[in-house]
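An overview of the molecular structure
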Amino acid sequence: MLHFSCDLCGQQLGERRYVVKLEVYPAFDPEDFDEDDLDADHLQELSEVIQEIEATGKTELEDCSSKGFRFDLCPVCHRKFVKDPLGRDALRRLNFSKN
Ligand SMILES: [Zn+2]
């Protein structure tokens, strides 16, 4: 049997487990170059990119791919999360306490 623990507070989770799935991806097309910049330069640029990929084994577009996150939360953390998914409240409190 699988045991889950809350990704926020570390508490062991029973049946009341909540799953958070986040996906982050660019809303623009990373391959959508400005048409004015194309022409011959584009071919040159492309071959440089390909050379770089061959040299480093990495691609520039890697950071543009979508990223998925998955978290298991206990009921308490779930309630906090849905109220403030990006932690903005915590950030505001931090700013207030500085003043
Ligand atoms: Zn928790």
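Preceding this section is the structure that the text describes.
Report follows, based on the coordinates. These numbers come from a predicted model, not from an experiment. Along each chain, residues carry numbers from 1 onward, in the same order as the chain's sequence is written. Totals for whole chains, interfaces and linings use all residues, but because this is a predicted model, local features are given only for residues with pLDDT of at least 70 and pairs of side-chain atoms are given and counted only at 80 or more. Excluding hydrogens and water, the side-chain figures rest on all heavy atoms present in the structure.

The next subject is the coordination of the zinc ion. Counted as donors are the N, O and S atoms within 2.8 Å of the metal, or 3.2 Å for Na, K and Ca, while water is not among the atoms, so some sites may look incomplete. Coordination of the zinc ion by the protein is provided by Cys6 (SG), Cys9 (SG), Cys74 (SG) and Cys77 (SG), with metal-donor distances spanning 2.2 to 2.3 Å. Coordination at the zinc ion is tetrahedral, judged from the four donor atoms that bind it and the angles of 104 to 117° they form at the metal. Here the donor residues of the zinc ion share one chain and are spaced in sequence as C-x2-C-x64-C-x2-C. Here Cys6, found in the loop between strand 1 (4-5) and strand 2 (12-13), pairs with Cys77, found in helix 2 (residues 75-83); they are 71 residues apart in sequence, far enough to count as distant. Residues Cys6 and Cys77 agree in their burial class; the two are buried. Any site counts as irregular unless it has four donors with all angles between 85 and 135 degrees, making it tetrahedral, or four or six donors with opposite ones more than 155 degrees apart and the rest between 65 and 115, making it square planar or octahedral. Runs of E in the DSSP output that reach at least two residues are strands. Runs of H or I that reach at least four are helices, and both are numbered from the N terminus. Partly exposed describes any residue whose relative accessible area lies between the buried limit of under 20% and the exposed limit of over 50%, with all areas from a 1.4 Å probe on protein chains only and scaled to the type maximum.

Should a side-chain nitrogen of Lys or Arg be within 4 Å of a carboxyl oxygen of Asp or Glu, the pair is scored as a salt bridge. If you walk through the whole model with that rule in mind, you get three salt bridges. With a shortest N-O distance of 3.0 Å, Asp72 and Arg17 are connected by a salt bridge. Taken as a pair, Asp72 in strand 4 (residues 67-73) and Arg17 in the loop between strand 2 and strand 3 (18-24) lie far apart in primary sequence, 55 residues in all. Take Asp72: its relative accessible area is 7%, and that puts it in the buried class. Note that Arg70 is salt-bridged to Asp72, the shortest N-O span being 3.3 Å. One salt-bridge network, held together by shared partners, links Arg17, Arg70 and Asp72.

The residue Asp84 is located in the loop between helix 2 and helix 3 (88-98) in this model. Charge counting treats Lys and Arg as positive and Asp and Glu as negative, with His and both chain ends excluded. Buried and unpaired, Asp84 has Arg88 as its nearest opposite-charge partner, separated by 4.2 Å. There is a polar contact of 2.8 Å between the side chain of Asp84 and the backbone nitrogen of Asp89. Excluding anything up to four places from it in sequence, Asp84 contacts Asp89 and Ala90. Between N or O atoms, a polar contact is any pair within 3.5 Å; within protein, one atom must be a potential hydrogen donor and the other a potential acceptor, and residues adjacent in sequence are included only when both atoms are from side chains. Contacts are assigned to residue pairs that have any heavy atoms within 4.5 Å of one another.

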